[in-house]
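If you want the building blocks of each chain, they are given just below.
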Amino acid sequence: MNLTTRFTFDAAHRILGHQGKCAYLHGHTYHLEVTISAERLDPLGMVIDFDDLRALVRKAVLDRWDHATLLAEQDPLVPAIAGVQAEAPEKVVTLSQNPTAEILTRTAWEAIRQALPPGVRLLRVKIEETPACSSELTADSA
Ligand SMILES: [Zn+2]
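Nothing here was measured: the structure is a model prediction, and the numbers come from that model.

Rules and cut-offs
Residues numbered from 1 in each chain as written. Predicted model: local features only at pLDDT ≥ 70, side-chain atom pairs only at ≥ 80, totals over all residues. Pairing = 2+ DSSP bridges. Helix = DSSP H or I, 4+ residues; strand = E, 2+ residues; numbered from the N terminus. Axes fitted to C-alpha atoms, helices over the stretch in contact; angles between N-to-C directions. Contact = placed C-beta atoms within 7 Å. Parallel < 35°, antiparallel > 145°, perpendicular 65-115°, else oblique. Left-handed = near helix turned anticlockwise from the far one by under 90°. Nonpolar A, V, L, I, M, F, W, Y, C, P; charged D, E, K, R; others polar.

A. Representation of the sheet that holds strand E2 (residues 26–38) in the model. Across the sheet, six strands lie side by side as E4-E3-E1-E2-E5-E6; this open sheet has mixed pairing. Of all strands in the sheet, those bounded by a partner on one side alone are strand E4 (92–95) and strand E6 (133–138). On average, adjacent strands in this sheet sit at an angle of 30° to one another, irrespective of strand direction. Both strand E3 (residues 68–72) and E4 contribute to a ladder of four bridges, which runs parallel. By the bridge assignment for E4, Thr69 is matched with Val92. Contacting strand E1 (2–13), E2, E3 and E4, helix H1 (residues 50–65) crosses the sheet at an angle of about 20° to E1. Contacting E2, E4, strand E5 (120–130) and E6, helix H3 (residues 101–115) crosses the sheet at an angle of about 150° to E5.

This is the structure:
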């Protein structure tokens, strides 16, 4: 039995080294879709309570990324924004690589997988950067 839950979050990012417009700091309203599965249902007839699953994904991903600026750790903007942080609140999240949809998908996959209770398997994580563009990781491809 599979369960899917869907979230929306807003974040800014830029792609260091990109030759086009993605090199500039800009934002997206991302959609995150998570599918999990379990061999058997609990006594209430559930794979996992939707509230628990959503709380788990929120804590693993959304609390960090929503309304944040997502940057590669080597991005020269990181210290500049961190300098502003002392005077005005700014939420900066650094990743080991460029915050592309692909890297965000892989990072979310790892964070969610580690947070799932025993017996619940992560099947799919999909991140839509725009309605036309998305990245997806599945248990087969992870
Ligand atoms: Zn973008």
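B. Layout of the packing of H1 against H3. As a packed pair, H1 and H3 sit with axes 9 Å apart at the nearest point and diverge in direction by 140°. Taken together, the axes of H1 and H3 are oblique relative to one another. Two packed elements cross with a definite hand, and for H1 against H3 that hand is right-handed. Residue-level contacts link Leu56, Val57, Ala60 and Val61 of H1 to Ala108, Ala111, Ile112 and Ala115 of H3. When its residues are assigned to classes, the contact of H1 with H3 shows eight nonpolar, no polar and no charged.

C. Seen up close, the environment of Lys59. Tracing the backbone shows Lys59 in helix H1. Spatially, the C-alpha atoms of Lys59 and Ala38 are 21 Å apart, while their sequence positions differ by 21 residues.

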